[in-house]
Structures are given as structure tokens and as C-alpha cells.
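# Structure at a glance
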Amino acid sequence: MEKDQKLDKFDHRRLGNELKLFHFSEFAPGMAFWLPNGSRLRKRLEDILYKAHKDRAYEPIITPRIMDVELWKISGHYQNYADNMFFSEVEKRENALAPMNCPGHVISYKQDIRSYKDLPLRYFEFGQVHRNENSGSLHGLFRVREFTQDDAHIIVTESQIQDEIKDVMEFIDSLLTSFGFTYEINFSTRPEKSIGSDEVWEKAESAIQSALKELKQPYKINSKDGA
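Below is a short write-up of the structure. (Residues numbered from 1 in each chain as written. Predicted model: local features only at pLDDT ≥ 70, side-chain atom pairs only at ≥ 80, totals over all residues. Heavy atoms only, no water.)

This brings us to the overall build of the protein. Scanning the protein for helices and strands turns up 8 helices and 10 strands. Its C-alpha atoms give the protein principal-axis dimensions of about 55 × 50 × 35 Å. By the burial criterion, 30% of the 227 residues in the protein qualify as buried. Counting only contacts in the protein whose residues sit at least 6 apart along the sequence, the fraction spanning at least 24 positions is 64%. Surface accessibility of the protein: about 15,200 Å² in total, with carbon and sulfur atoms responsible for 54%. (Helix = DSSP H or I, 4+ residues; strand = E, 2+ residues; numbered from the N terminus. Buried < 20%, exposed > 50% of the residue type's maximum accessible area, 1.4 Å probe, protein only. Contact = heavy atoms within 4.5 Å. Areas by Shrake-Rupley, 256 points an atom, 1.4 Å probe, with all protein chains shown as cover.)

Ordered in space as β3-β7-β8, the 3 strands form an open sheet in which the pairing is mixed. Both edges of this open sheet fall to β3 (59-60) and β8 (146-155), since each of them pairs with a single strand only. Relative to strand β7 (residues 121-130), β3 runs parallel, the two being bridged by 2 bridges. Across the sheet, glutamate 59 pairs through a bridge with tyrosine 123, a residue of β7. Seen against the sheet, helix α3 (residues 36-55) touches β3, β7 and β8 and runs at an angle of roughly 160° to β7. Lying on the sheet, helix α6 (residues 102-109) is in contact with β7 and β8; it crosses β7 at an angle near 140°. (Pairing = 2+ DSSP bridges. Axes fitted to C-alpha atoms, helices over the stretch in contact; angles between N-to-C directions.)

Before going further, it helps to spend a moment on the pairing of strand β6 (residues 93-97). The pairing of strand β4 (residues 66-68) with β6 spans 3 bridges and is antiparallel. Bridge pairing links isoleucine 66 to leucine 97 in β6. Between strand β5 (residues 87-90) and β6, which pair antiparallel one after the other, the connecting turn spans 2 residues, and glutamate 91 there sits at a positive phi close to 50°.

So, about the packing of aromatic side chains. Summed over the entire model, instances satisfying the criterion amount to 7 aromatic pairs. Ring centres of phenylalanine 124 and phenylalanine 126 lie 5.9 Å apart, and the angle between their planes is 75°; this geometry places the pair in the edge-to-face category. A relative accessible area of 2% means that phenylalanine 124 is categorised as buried. Of the residues examined, phenylalanine 126 reaches a relative accessible area of 25% and is grouped as partly exposed. Every member of this aromatic cluster is reached through a ring pair, and the members are Phe22, Phe24 and Trp34. Taking the ring centre of tryptophan 34 as reference, the NZ or CZ of arginine 42 above it sits at 5.0 Å. Geometry around tyrosine 78 places lysine 73 over its ring, the cationic atom sitting 5.1 Å from the centre. (Phe/Tyr/Trp six-rings, centres within 6.5 Å; stacked < 30°, edge-to-face > 60°. Lys NZ or Arg CZ within 6 Å of the ring centre and 35° of its normal.)

On to the nonpolar core, then. If you look at the biggest cluster of nonpolar residues, it comprises 7 residues: Met67, Leu71, Trp72, Tyr81, Met85, Ala96 and Ala98. In contact with leucine 71, not counting residues within four places along its chain, are Pro103 and Ile107. Counting 6 residues, the second-largest nonpolar core is a separate cluster that includes Ala52, Tyr58, Phe124 and Phe171. (Core = buried A, V, L, I, M, F, W, Y, C linked by side-chain atoms within 4.5 Å.)

See the structure below:
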């Protein structure tokens, strides 16, 4: 009973209401309405994260929230993730709300002629995404239909993968520990349903494991749960 009371004391749904940070509405299930207090808190966190990214040579970009469904077919999201996406027809063309930021970042990357000397190229975005989660699974801010990701995509050569993974791990550690968080690492391997060649997956997984070992980071294998 004491444990249940302690959990309730720190339940973010109760605190969100009491501190007037955010609320939910039946008119937008799974999508938070951020009140002035919550909006100010979010802006402060975004400022901290923005500076942290700039200090590590990440470049900010902003991509559209809704794009032609043909892009999502090219990326493979339509074939593999359509049940969790929202669609809308505009002028007889089917569009989809972005469930992820990946395709938009790739389009931005392709706007210029690139050289290997430009790499690694690090993009980041506070990207708002929408996912059509089952109504029965919605839970506060933990399981929602709309949320904002502190999201980055890094374009590298194969020889740069391991060093870049190490930098990302150190970046994540510095952010989480600065807020007093502790964490565990799960290494999710290639799922049964995936995109990309065996060779590239094997090189990437090997580089991730080598980086974790070099950093002396303990981790657990989460078999076939990668994305």
C-alpha cells in the first residue's frame, strides 16, 4: 500500500494537472494540450537540448509534418507501418502525417551534392510526430498519439559508424546524468521484418557492440527487437 501511495505521489498525470502543466481532451485522444506552465518548462528544456546539440556540431532542421504518401512508400513506412499512421487526402493525393522524421531528414540531405569529406553530417530536430495508437493503450504522456521527439539523423561512412556510436552514447550519458537519471542499455538486434541488406546490418550491429565494449558499458541483448 505504501509503495502504491508513493507511485501515486509522483504520477505525472496527477502532477501535470496539479501544476497546470498539461491536460488531455476527448476531442484529441492521446494528444496533450500544453498549458502556460508546461509550455515554459518545455521551452527551457528545448533551450538546454538545443545548446547541447550545437556544442556537438549537430545542425538544426525543421521538416513538414504531412507529406505525400509516395514518400512513405519509398521509405518503406507505408508497407511496414501503415496501421499506425494517419492519412489524409488533399486534392485527390493521399498524404500521411509523419510518424517518424527519417524521410524528411533524408530529403533535406539530398538537396546538395555531397562529398565524403562532408561526413559525418549530423541533423537534429524537435520533430512532432503522430502515431495511430490503439485507444486502449493510451496512457498519460507515456503512450500517446502525438508527441515531440528530440530526434537526430547522422549520415556517416561505414568506417565512421563505431566512433559516431561512441559519441552518441557519451552524449546520451551526459544528458541523462545531468538530470539525475540512471538507465540500462538494451541492444536490439535486427528484427524479422526489416529494410536493408544483411551486410549493412551486420556491419552496423558489429560497430554498435564494439562501441559499447570500448566504452565498458554493460548491456543486454534484446533479440530481434531492432527497427
